[in-house]
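Examining the three-dimensional arrangement
One letter stands for each residue in the lines below.
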Amino acid sequence: MIKKADLKQLDALNDLFDQYRRFYKKTSDLEASKAFLKERIEKSESEIFMAWEGETATGFVQLFPLFSSTRMARYWLLNDLFVAPEHRGKGVSKALIERAKDLCRETKACGMYLETGKDNHIGNQLYPATDFKLMDSVNFYEWAMGIKNEE
């Protein structure tokens, strides 16, 4: 079952979010990550959906709003997608992506972006299988200032 996250699920969400961050080689910081998630939910700065198996949170997806000037419409950035290792291979990722697509339809968005590493072999198989198209016609660049919790 997929449900929109709210503050009642913050502890379960934070546990998954911490696992997600550690997967990406970030230092665990449960207090800071909980504050980050709480602020996103309270300020409605992102949409977070969680997958549940009974009373167990099994995964989540977090999307941030963007806008396309040329299309004059909302876009969504699928920024975070994570399924706990013991729940992988059960279709949870696909269900979370489908819920993200529903959000696009509900908000009349023109689409959704995501970024993943070239070495994310599972993601690079999952996303095309869920109708995402690899954009090889553009270059993505990053400018970043020093960010805490980097290893």
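Residues numbered from 1 in each chain as written. Predicted model: local features only at pLDDT ≥ 70, side-chain atom pairs only at ≥ 80, totals over all residues. Heavy atoms only, no water.

**Describing the packing of aromatic side chains**
- A full pass over the atoms with the stated rule returns ten aromatic pairs.
- Chaining the aromatic ring pairs together yields one cluster made of Phe17, Tyr20, Phe23, Tyr24, Phe36, Phe60 and Phe82.
- Note that Arg40 overlies the ring of Phe36, its terminal NZ or CZ placed 4.6 Å from the centroid. (Phe/Tyr/Trp six-rings, centres within 6.5 Å; stacked < 30°, edge-to-face > 60°. Lys NZ or Arg CZ within 6 Å of the ring centre and 35° of its normal.)

**Quick word on the confidence of the model for the chain**
- Per-residue confidence for the chain averages 93 on the pLDDT scale, and 97% of its residues sit at or above 70.
- Here helix 4 (residues 121-129) stands out as the least confident element of the chain, with mean pLDDT 89; strand 2 (residues 47-53) is the most confident, with 98. (pLDDT = per-residue confidence, 0-100. Helix = DSSP H or I, 4+ residues; strand = E, 2+ residues; numbered from the N terminus.)

**Digging into the packing of helix 1 (residues 10-23) against helix 2 (residues 30-42)**
- Relative orientation of the contacting elements helix 1 and helix 2 amounts to 120 degrees, with a least axis distance of 9 Å. In terms of their interaxial angle, helix 1 and helix 2 are classed as oblique. Every pair of crossing elements has a handedness; the one defined by helix 1 and helix 2 is right-handed. Each of Leu10, Asp11, Leu13, Asn14, Phe17 and Asp18 in helix 1 lies in contact with helix 2, whose residues at this interface are Leu30, Ser33, Lys34, Phe36, Leu37, Lys38 and Ile41.
- Residue composition of the contact of helix 1 with helix 2, by class: seven nonpolar, two polar and four charged. (Axes fitted to C-alpha atoms, helices over the stretch in contact; angles between N-to-C directions. Parallel < 35°, antiparallel > 145°, perpendicular 65-115°, else oblique. Left-handed = near helix turned anticlockwise from the far one by under 90°. Contact = heavy atoms within 4.5 Å. Nonpolar A, V, L, I, M, F, W, Y, C, P; charged D, E, K, R; others polar.)

**What to know about the nonpolar core**
- Judged by nonpolar contacts, the single largest core of 19 residues is most densely connected at Leu63, Leu78, Leu81 and Met112.
- Looking at this core, the elements that each hand over two or more residues are strand 2, strand 3 (56-68), strand 4 (73-83), helix 3 (92-106) and helix 4.
- If near-sequence neighbours (up to four positions away) are discounted, Leu81 is found in contact with Tyr20, Phe60, Val61, Ser93, Leu96, Ile97, Leu126 and Tyr127.
- Residues Leu13, Tyr20, Ala57 and Phe82 belong to the second largest nonpolar core, which totals 15 residues. (Core = buried A, V, L, I, M, F, W, Y, C linked by side-chain atoms within 4.5 Å. Buried < 20%, exposed > 50% of the residue type's maximum accessible area, 1.4 Å probe, protein only.)

**Quick word on the pattern of salt bridges**
- Scanning the model with the defined rule gives twelve salt bridges in all.
- Note that Lys90 is salt-bridged to Glu53, the shortest N-O span being 3.6 Å. One end of the pair, Lys90, is in the loop between strand 4 and helix 3; the other, Glu53, is in strand 2, with 37 residues separating them in the sequence.
- On the accessibility criterion, Lys90 (47% relative accessible area) is partly exposed. (Salt bridge = Lys/Arg side-chain N within 4 Å of Asp/Glu carboxyl O.)

**Some points on the pairing of strand 2**
- Burial analysis of strand 2 places six of its seven residues in the buried class, the great majority of the element.
- Direction of pairing for strand 1 (residues 2-4) relative to strand 2: antiparallel, over a ladder of three bridges. By the bridge assignment for strand 2, Ile2 is matched with Ala51.
- Across seven bridges, the pairing between strand 2 and strand 3 is antiparallel. (Pairing = 2+ DSSP bridges.)

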